[in-house]
Amino acid sequence: MNIELLMLLLALGAFVGVMAGLLGIGGGLIVVPALLYLLPWAGIPTELSMHIALATSLASIIVTSGSSALNHLKLGNVDMFVVKWLMPGVVVGGFIGANIAEWIPTQYLPKVFGVIVLFLALQMFRSIRVTSQKTMPGSFLTMVYGSGIGVVSSLAGIGGGSLSVPFLNRHGVEMRKAVGSSSVCGCVIAIAGMSGFILHGYQAQGLPNYSIGYVYLPALAAIAGTSMLTTRFGAKWATTLPTAVLKKIFALFLMFVALTMLL
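Note that the structure is a prediction, hence the values are computed from the model and not measured.

Caption draft 1: Main features of the overall build of the protein. Along the backbone of the protein there are ten helices and two strands. In sequence order, the secondary structure elements of the protein are arranged as α-α-α-α-α-α-α-α-β-β-α-α. In terms of C-alpha radius of gyration, the protein reaches 17 Å, essentially the compact-globule figure of 18 Å for 263 residues. In terms of its C-alpha atoms, the protein occupies a principal-axis envelope of roughly 50 × 35 × 35 Å. Each of the 263 residues in the protein was classed as buried or not, and the buried ones make up 56%. Within the protein, counting contacts between residues at least 6 apart in sequence, those at least 24 apart form 83% of the total. A total accessible area of about 11,100 Å² is found for the protein, and carbon and sulfur atoms account for 70% of it.

Now the structure itself:
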């Protein structure tokens, strides 16, 4: 870890915090690709980079999404039915996803990540034009959907906002409340996913110093330190921007990340 790398990680955390508050994401869609590029600067072997990026991303999301969730709660942007019934599913799914990731060959994980995000981007672009909305499913089905969101989120090292925000908005939850509720659930997904990566990481060889399992603590401290300070700015913008604008920003952001990972 040198001063240039530290400054880049601090800047990354500040940007992630704003985007987390604005879009209800935990920041993994930004943190994972960025860490894949930056971790070799810290001398971390390529074969370990993806697992460390996923685990460290999930750990940073606990702080980022937690801070974002508190800001959205203060602004009244959280739907408690969503939180109550989606959360149990995402906890179970998040832990399962971390276990599945251990069995997928390292070279395929970035492609899996890219395909998932590309699909989400196309879905969000489609939702901008769709005016008809479904109603929220019952409590059991909401938990089932939550499990699926948790599995995919953990596999991609994300907090689930890129999945749960489109899902909630499509089922009649106002965009602002979808963003706020997603922040709450994202924090819980990240705890479950990170726990799985820590457990598996204890068996890995060649991990860098100052790691807990696959979680690289210096990167975590830098990203989390600035991200929790900037989430409030994004949360305020999410409250004032029109829904259509929020959707367009979200969709373009997803498309950029997906193409970056695939290419």
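Caption draft 2: Quick peek at helix H7 (residues 161-170). Summarising burial for H7: nine of the ten residues are buried, a large majority. Taken as a whole, H7 has its buried residues at Gly 161, Ser 162, Leu 163, Ser 164, Val 165, Pro 166, Phe 167, Leu 168 and Asn 169. With its phi angle positive at about 90 degrees, Gly 172 sits one or two positions after the end of H7.

Caption draft 3: Geometry of the packing of aromatic side chains. Evaluation of the coordinates by the stated rule reveals three aromatic pairs. Look at Tyr 145 and Phe 167: their rings are 4.8 Å apart centre to centre, the planes differ by 40 degrees, and that puts the pair in the tilted class. Taken as a pair, Tyr 145 in helix H6 (residues 139-156) and Phe 167 in helix H7 lie far apart in primary sequence, 22 residues in all. What makes Phe 167 buried here is its relative accessible area of 11%. With centroids separated by 6.5 Å and ring planes inclined at 75 degrees, the aromatic side chains of Phe 197 and Tyr 214 adopt a geometry described as edge-to-face. Pair noted here: Phe 197 is in helix H8 (residues 175-201) and Tyr 214 is in the loop between strand S1 (211-212) and strand S2 (215-216), with a separation of 17 residues, a long-range link. Each member of the pair, Phe 197 as well as Tyr 214, carries the same accessibility label: buried.

Caption draft 4: Just the UniProt feature "transmembrane region" (unreviewed entry) in the protein, in detail. UniProt's entry tags residues 6-39, 51-70, 82-101, 108-125, 145-168, 180-202, 214-233 and 245-262 with the feature "transmembrane region" (unreviewed entry), counted in the numbering of this structure. From the first C-alpha to the last, residues 180-202 spans 34 Å; its make-up is 96% helix and 0% strand. Within the segment residues 245-262, helix and strand shares are 100% and 0% respectively, and the terminal C-alpha atoms sit 26 Å apart.

Caption draft 5: Representation of the nonpolar core. Counting 68 residues, the largest nonpolar core has Leu 9, Leu 35, Phe 197 and Leu 254 as its most contacted members. For Leu 254, the contacting residues outside a window of four places in its chain are Leu 29, Val 117, Leu 120, Ala 121 and Ser 162.

Caption draft 6: Region of interest: unusual backbone geometry. Residue Tyr 210 is not a glycine yet carries a positive backbone phi of 65 degrees. Mapped onto the elements of the fold, Tyr 210 is located in the loop between H8 and S1.

So, how was this worked out
Residues numbered from 1 in each chain as written. Predicted model: local features only at pLDDT ≥ 70, side-chain atom pairs only at ≥ 80, totals over all residues. Heavy atoms only, no water. Helix = DSSP H or I, 4+ residues; strand = E, 2+ residues; numbered from the N terminus. Rg over C-alpha atoms; globule rule 2.2 N^0.38 Å. Buried < 20%, exposed > 50% of the residue type's maximum accessible area, 1.4 Å probe, protein only. Contact = heavy atoms within 4.5 Å. Areas by Shrake-Rupley, 256 points an atom, 1.4 Å probe, with all protein chains shown as cover. Phe/Tyr/Trp six-rings, centres within 6.5 Å; stacked < 30°, edge-to-face > 60°. UniProt positions renumbered as here; feature names shortened; annotations may be inferred. Core = buried A, V, L, I, M, F, W, Y, C linked by side-chain atoms within 4.5 Å.

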